[in-house]
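# Chains, contacts and geometry: an overview
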Amino acid sequence: MEHILFLTGRLAQPQLEKVLASMAGAPFTWEVRELGLQVAALMTAEMIGRRLPPPLADRVVVPGRCRGDLEPVAAGLGLPVERGPEELKDLPRFFDLEAAPPDLSDPGPKIFAEIIDAPRLTLAQIVERARALVQDGADVIDIGCLPATPFPQLEDAVRALKREGLSVSVDSMDPDELLRGGRAGADWLLSLNLDTLWIADEVPSTPVLVSRTPGDEASLDAAIEAMTARGRPFLADPILDPIPFGFTASIVRYHGLRQRFPQAPILMGIGNLTELTEADTSGINALLLGIAAELDVAAVLTTQVSPHARRAVREADWARRIMRAAVRQQSLPKGLSDELTTVHERRPFPDTPDEIAETAARVKDPNFRIQVSAEGLHVYNRDGLRQGRGAFELWPQLGLEGDAAHAFYMGVELAQAEIAWRLGKRYVQDQPLDWGCAVERAPARDAACAPGTTRTKR
């Protein structure tokens with residue numbers, strides 16, 4: 001049986017031993033070694049290399065926030081050295097998932113990202129927006145035309161994006177604009193109905209087919225059959241309507257289309273929901289891409305125009321991967337990724353108030369520590385433990401009126417801790433909150449900063 005050595009600091013050692021002892025049936029034996037420092041997060045790779053002689057173990061696990069490159073340490077010890085989770089309470093889950101991390105490499109449906117006001121933009125602006133959308137996960141840049149709005153630079157826009165190596169679609173209800181876009185080299189045209197299929201005979205672009213009028217399923221079916229008879233590729237779009245203007249009925253249409261045409265490639269315009277529903281778009285994208293995964297939708301069309309939907313493409317990219325994996329594995333879409341849980345977390349409070357109090361009782365220095373439990377905020381140092389539900393409640397108990405720099409630091413940290421507690425997010429002192437795919441993450445584990453001094457004088 002594998003024997004693992006866990007390194008830690010003095011304050012965390014009792015809790016680490018308690019967590020390890022609770023892991024009944026773990027496929028390894030273990031021992032814990034305190035490396036001669038009080039706070040485990042202050043541990044560095046260089047420190048391990050200096051202080052740890054080659055142990056009688058098969059593997060060494062160090063704290064998740066340990067800084068530095070562990071490869072030289074592993075080479076010096078002659079055995080694997082790896083970072084564990086950032087929180088002790090996550091150790092059981094860490095070992096459960098270690099052998100088989102979820103595979104999210106299959107992206108699933110293509111993402112068409114529309115630039116809705118392209119006629120009003122310069123070529124440079126169109127290219128700049130396209131690059132940003134691709135960075136967020138878009139596969140196709142959709143050039144949106146506007147009704148009764150001249151678009152003299154349409155051809156130039158298509159060619160400019162093609163020179164960037166991008167896939168391009170042109171989105172218009174004007175046959176002339178669709179023809180111009182197709183002749184300029186657009187890969188897709190949105191949208192053709194049974195009366196405008198002749199456009200597909202004029203250009204090599206792949207058409208997106210729609211019905212003559214909303215809900216006219218017969219005309220969409222006829223367009224699909226016509227393109228199939230011609231041996232031409234296409235995407236079919238029954239049109240996703242917004243709430244409360246037929247959303248449920250449109251979902252039924254998508255399901256019916258899949259029943260009638262089991263192999264037909266389908267496009268779903270999810271922007272009608274994310275843009276026109278004033279709610280966090282990460283959840284909306286999760287639900288819609290889940291429906292898309294069940295229906296084996298080939299592509300989705302989205303936009304990020306409204307300020308509340310400004311991350312719609314990035315969220316759709318994560319949602320399609322998560323839902324594709326869930327369908328492929330025939331598992332619930334849980335435990336695959338936390339990128340879409342932007343305002344809460346599954347395990348926000350790893351420590352109970354009693355466990356925090358136990359740790360606080362062992363602190364012998366004046367530095368403040370901040371932790372969050374389900375009951376609120378806990379601040380402690382050698383002078384005792386304070387508990388409250390917000391920064392204003394705790395501030396008078398800290399005695400920092402004469403220390404402006406430290407007062408500023410504690411104000412920022414307490415405010416962040418209060419946000420975490422109210423939303424149900426994980427809080428770690430001196431680390432930014434994790435907002436999933438909504439915000440770029442802090443540096444990776446091996447570059448993460450350790451907690452700094454939280455009390456400079458007494």
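This report concerns the structure included in the present document. (Residues numbered from 1 in each chain as written. Predicted model: local features only at pLDDT ≥ 70, side-chain atom pairs only at ≥ 80, totals over all residues. Heavy atoms only, no water.)

### Thoughts on the overall build of the chain
Spelled out, the test is: Numbering of helices and strands runs from the N terminus, with a helix taken as a DSSP run of H or I at least four residues long and a strand as a DSSP run of E at least two residues long. Burial here depends on accessible area, computed with a 1.4 Å probe over protein chains only, as a share of the maximum for the residue type. Under 20% is buried, over 50% is exposed, and the range in between is partly exposed. For accessible areas, the Shrake-Rupley method is used with a probe of radius 1.4 Å. Any residue's cover is judged against the shown protein chains and nothing else. Only four residue types enter the tally: Lys and Arg on the positive side, Asp and Glu on the negative side; His and the chain ends are excluded. Every charge is mapped to an atom, namely NZ of Lys, CZ of Arg, CG of Asp or CD of Glu.
Tallying secondary structure elements over the chain gives 16 helices and 15 strands in all. C-alpha extents for the chain along the principal axes are approximately 80 × 55 × 40 Å. Here the chain holds 458 residues, and 52% of them are scored as buried. Summed over its atoms, the accessible surface of the chain is roughly 21400 Å², and 55% of this surface lies on carbon and sulfur atoms. Averaged over its 50 positive side-chain charges, the chain has a centre that lies 5 Å from the centre of its 65 negative ones.

### Re the packing of aromatic side chains
To be explicit about the condition: The pairing test for Phe, Tyr and Trp rings, Trp by its six-membered ring, is centres within 6.5 Å, and the orientation test on the planes gives stacked under 30 degrees, edge-to-face over 60, and tilted for anything in between.
Under the criterion given, the structure shown has five aromatic pairs. For the ring pair Phe28 and Phe95, a centre distance of 4.7 Å and an interplane angle of 40 degrees mean the geometry is tilted. Note that Phe28 is positioned in strand S2 (residues 28–34) and Phe95 in helix H4 (residues 91–98), a separation of 67 residues in sequence. Here Phe28 matches Phe95 in class, with each residue buried. Judged by centre distance (5.1 Å) and plane angle (70 degrees), the ring pair of Phe112 and Trp188 falls under edge-to-face. With Phe112 in strand S5 (residues 110–115) and Trp188 in strand S8 (residues 188–192), this pair connects stretches of sequence that are 76 residues apart. Among the residues examined, Trp188 registers a relative accessible area of 15% and is labelled buried. Chaining the aromatic ring pairs together yields one cluster made of Phe6, Phe28, Phe94 and Phe95.

### A look at the sheet that holds strand S15 (residues 384–388)
For clarity, the cut-off: At least two DSSP bridges between two strands are required for those strands to pair. Interaxial angle, 0 to 180 degrees, is taken between N-to-C directions of lines fitted to C-alpha atoms, where a helix line uses only the stretch in contact. Two residues form a contact once any of their heavy atoms are found within 4.5 Å.
The three strands are arranged S13-S14-S15 in an open sheet whose pairing can be described as antiparallel. Of all the strands in the sheet, the pair left with one neighbour each is strand S13 (369–373) and S15. Neighbouring strand axes in the sheet, compared pairwise and without regard to direction, differ in orientation by 20 degrees on average. In terms of strand pairing, S13 meets strand S14 (residues 376–381) through five bridges, oriented antiparallel. Opposite Ser373, over in S14, you have Gly376 as the bridge partner. Of the strands in this sheet, S13, S14 and S15 are in contact with helix H14 (residues 353–360), which crosses S14 at around 10 degrees.

### What about the nonpolar core?
Counted only if it meets this: Only buried Ala, Val, Leu, Ile, Met, Phe, Trp, Tyr and Cys residues count toward a nonpolar core, and they belong to the same one when joined by side-chain atoms within 4.5 Å.
Judged by nonpolar contacts, the single largest core of 69 residues is most densely connected at Ile143, Leu161 and Leu209. With seven residues, helix H13 (residues 312–329) is the single largest residue contributor to this core. Not counting chain neighbours up to four residues away, the residues in contact with Ile143 comprise Ile115, Ala118, Phe151, Leu154, Ala157, Val158, Leu161, Val168, Ser169, Val170 and Asp171. By size, the runner-up hydrophobic cluster in this structure holds 19 residues, among which are Met43, Leu52, Ala74 and Leu79.

### Topic: helix H10 (residues 247–260)
One full turn of an α-helix is made of 3.6 residues, so residues set three or four places apart face in the same direction. Keep this limit in mind: In this analysis, the expected span of each helix is defined as 1.5 Å times one less than the number of residues it contains.
Its 14 residues give H10 an end-to-end C-alpha distance of 20 Å, which sits within 8% of 20 Å, the value for a rise of 1.5 Å per residue. The secondary structure elements touched by the buried residues of H10 are helix H9 (217–230), strand S10 (235–236), strand S11 (267–269), helix H11 (271–274) and helix H12 (281–294).

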